[in-house]
Amino acid sequence: MKKIAVFTSGGDSPGMNACIRAVVRTGIYRGLEVYGIQRGYEGMIEGDIKRMHSYSVSNIIQRGGTILKSARSLEFKTPEGRKKAFDNLKDLEIEGLIAIGGDGTFTGAKVFFEEYGIPTVGCPGTIDNDIYGTDFTIGFDTAVNTALEAIDKIRDTAAAHDRIFFVEVMGRDSGFIAVECGIGGGAEFVMVPETKTDLNSVVKSLKNLRKSKSSSIIVVAEGDDLGNADQIMHMVKDKIKDPSKEFKVTTLGHIQRGGNPTARDRVLGSRCGMGAIDGLIAGKTNCMAGVMSNTIVYTSFEDCISKPKPLHPDHLALIDILSI
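Read on for an overview of the structure. (Residues numbered from 1 in each chain as written. Predicted model: local features only at pLDDT ≥ 70, side-chain atom pairs only at ≥ 80, totals over all residues. Heavy atoms only, no water.)

1. Re the sheet that holds strand 4 (residues 96–101)
The sheet built from 7 strands is open, its strands ordered 3-2-1-4-5-10-11 with mixed pairing. Taken across any chain shown, the strands that pair with only one partner, and hence form the sheet edges, are strand 3 (49–52) and strand 11 (295–300). Each adjacent strand pair in this sheet contributes to an overall mean axis angle of 30°, direction not counted. Where strand 2 (residues 33–37) lies against strand 3, 4 bridges are found, and the strand directions are antiparallel. By the bridge assignment, Gly 36 is partnered in strand 3 with Lys 50. Across the sheet, helix 4 (residues 103–116) touches strand 1 (3–8), strand 4, strand 5 (120–124) and strand 10 (287–292), and the angle it forms with strand 4 is around 160°. The sheet strands contacting helix 9 (residues 263–281) are strand 1, strand 4, strand 5, strand 10 and strand 11, and the helix crosses strand 5 at an angle near 170°. (Pairing = 2+ DSSP bridges. Helix = DSSP H or I, 4+ residues; strand = E, 2+ residues; numbered from the N terminus. Axes fitted to C-alpha atoms, helices over the stretch in contact; angles between N-to-C directions. Contact = heavy atoms within 4.5 Å.)

As structure tokens, then:
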């Protein structure tokens with residue numbers, strides 16, 4: 001193998017640039033020519049592919065987002081789109097791919113490999129931490145710390161005014177961010193997609209908490225079964241029916257995706273990037289390079305996509321115990 005290409009796809013996450021940097025410099029160190037594909041699968045279809053050098057990734061490890069940019073490609077979901085992408089890679093004699101992204105990225109890579117046989121190794125780039133085969137995903141730690149900083153500030157004003165705040169964090173299908181923010185931020189309740197929310201129990205507990213606590217923080221993952229934070233707040237308010245109690249909603253939104261990556265995400269991105277290159281050289285393909293128990297491991301795209309990554313039950317129990 002002489003030429004490989006790297007791309008980022010799907011939602012951006014802090015630490016992707018650290019991963020790109022590691023892919024480029026490890027590839028060059030191992031004697032490979034490394035190319036960067038702009039805007040993921042869309043750029044692959046359009047032939048937006050350029051040679052990268054060591055200096056191409058200078059001064060990016062501390063930056064959020066991705067220098068290769070990202071896009072969602074509907075055309076790549078078609079056989080015609082994938083054929084265009086393959087022809088562009090073939091013209092440049094690219095023999096292997098590094099895909100940085102989440103399950104959607106890996107699904108596309110899996111189909112592409114099955115059709116054209118280009119060896120591909122992935123790196124887990126998503127803030128949601130919902131990919132099987134790695135303890136943590138690139139960007140998760142930064143997203144949690146960003147959200148936690150906001151929650152700390154919200155608690156100050158909640159306490160000052162004796163308010164109940166519903167804080168919505170990202171997590172359409174996964175509650176990892178919500179749980180870690182709940183524990184780290186001292187939340188009274190955490191609502192996540194993985195568990196069914198008992199509204200009556202929440203209302204009863206809030207009434208009891210008001211006897212000992214003047215304010216409360218409730219962290220809501222955006223994909224909770226009862227709805228978003230604003231919808232849940234109104235449900236709770238309608239049941240409590242106490243005009244003296246103030247209810248507020250804060251939706252943190254996409255600030256969780258941005259910002260300088262934490263040290264943990266920079267190191268994780270670097271390790272996964274190096275692991276992906278070394279895996280590709282060793283003949284591994286159609287798999288992801290992740291870190292489990294502080295060791296680089298390779299997990300098939302099929303398992304990454306299909307196997308669930310459950311929340312740790314001890315973490316959920318910890319929230320209940322510590323909120324008393």
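2. Remarks on the side chain of Thr 105
Position of Thr 105 relative to the elements: it lies in helix 4. Only 3.3 Å separates the side chain of Thr 105 from the backbone oxygen of Ser 9, close enough to count as a polar contact. Once you skip the residues sitting within four places of it in the chain, Thr 105 turns out to touch Phe 7, Ser 9, Gly 10, Tyr 41, Ala 99 and Ile 100. (Polar contact = N/O pair within 3.5 Å; in protein donor to acceptor, adjacent residues only side chain to side chain.)

3. Some points on the environment of Gly 184
Structurally, Gly 184 is set in helix 6 (residues 176–184). Residue class for Gly 184 comes out partly exposed when judged on its relative accessible area of 49%. Taking the C-alpha atoms as reference, Gly 184 lies 9.5 Å from Ile 319; in sequence the two are 135 residues apart. (Buried < 20%, exposed > 50% of the residue type's maximum accessible area, 1.4 Å probe, protein only.)

4. Things to note about helix 6
Those residues of helix 6 not exposed but buried are Phe 176, Ile 177, Ala 178, Val 179, Cys 181 and Gly 182. Where the residues of helix 6 are buried, they touch helix 5 (140–161), strand 6 (163–169), strand 7 (189–191), strand 8 (216–221) and helix 11 (313–322). Where helix 6 ends, the next residue or the one after it, Gly 186, has phi of about 65°, a positive value.

5. Regarding the packing of aromatic side chains
If you walk through the whole model with that rule in mind, you get 8 aromatic pairs. Between Phe 106 and Phe 301, the ring centres sit 4.9 Å apart and the planes meet at 20°, which makes this aromatic pair stacked. Here the residue Phe 106 occupies a position in helix 4, and Phe 301 occupies one in helix 10 (residues 301–306), the gap between them amounting to 195 residues. Seen from their ring centres, Phe 140 and Phe 176 are 6.5 Å apart, and the 90° between their planes marks the pair as edge-to-face. With a gap of 36 residues between them, Phe 140 in helix 5 and Phe 176 in helix 6 connect regions that are remote in the sequence. For the pair Phe 140 and Phe 176, a shared accessibility class is recorded, and that class is buried. Three or more aromatic residues link up through ring pairs in this structure, and these residues are Phe 7, Tyr 41, Phe 76, Phe 86, Phe 112 and Tyr 116. One Lys or Arg, Arg 264, reaches over the ring of Phe 136 and ends 5.6 Å from the middle of that ring. If you follow Lys 309 out to its NZ or CZ, it ends over the ring of Phe 176, 5.6 Å from the centre. (Phe/Tyr/Trp six-rings, centres within 6.5 Å; stacked < 30°, edge-to-face > 60°. Lys NZ or Arg CZ within 6 Å of the ring centre and 35° of its normal.)

6. Considering the pairing of strand 8
In terms of residue burial, strand 8 counts as a mostly covered element, since 6 of its 6 residues are buried. Residues Ser 216, Ile 218 and Val 220 point to one face of strand 8 and Ile 217, Val 219 and Ala 221 to the other, with burial holding for every one of them. Pairing of strand 6 with strand 8 involves 6 bridges; the strand directions are parallel. In the sheet register, Phe 166 faces strand 8, and the bridge partner there is Ile 218.

7. Remarks on the sheet that holds strand 7
Taken in spatial order, the 4 strands of this open sheet run 7-8-6-9, and their pairing is parallel. What marks the edges here is a single partner per strand, and that holds for strand 7 and strand 9 (246–251). Across the sheet, the mean angle from the axis of one strand to that of its neighbour is 20°, orientation sign disregarded. On the sheet, helix 6 packs against strand 6, strand 7 and strand 8 and is oriented at approximately 175° with respect to strand 7.

8. Digging into the environment of Asp 130
Mapped onto the secondary structure, Asp 130 falls in the loop between strand 5 and helix 5. With 178 residues separating them along the chain, Asp 130 and Pro 308 place their C-alpha atoms 7.7 Å apart. Setting aside chain neighbours within four positions, we find Asp 130 in contact with Thr 137, Ser 174, Phe 176 and Lys 309.

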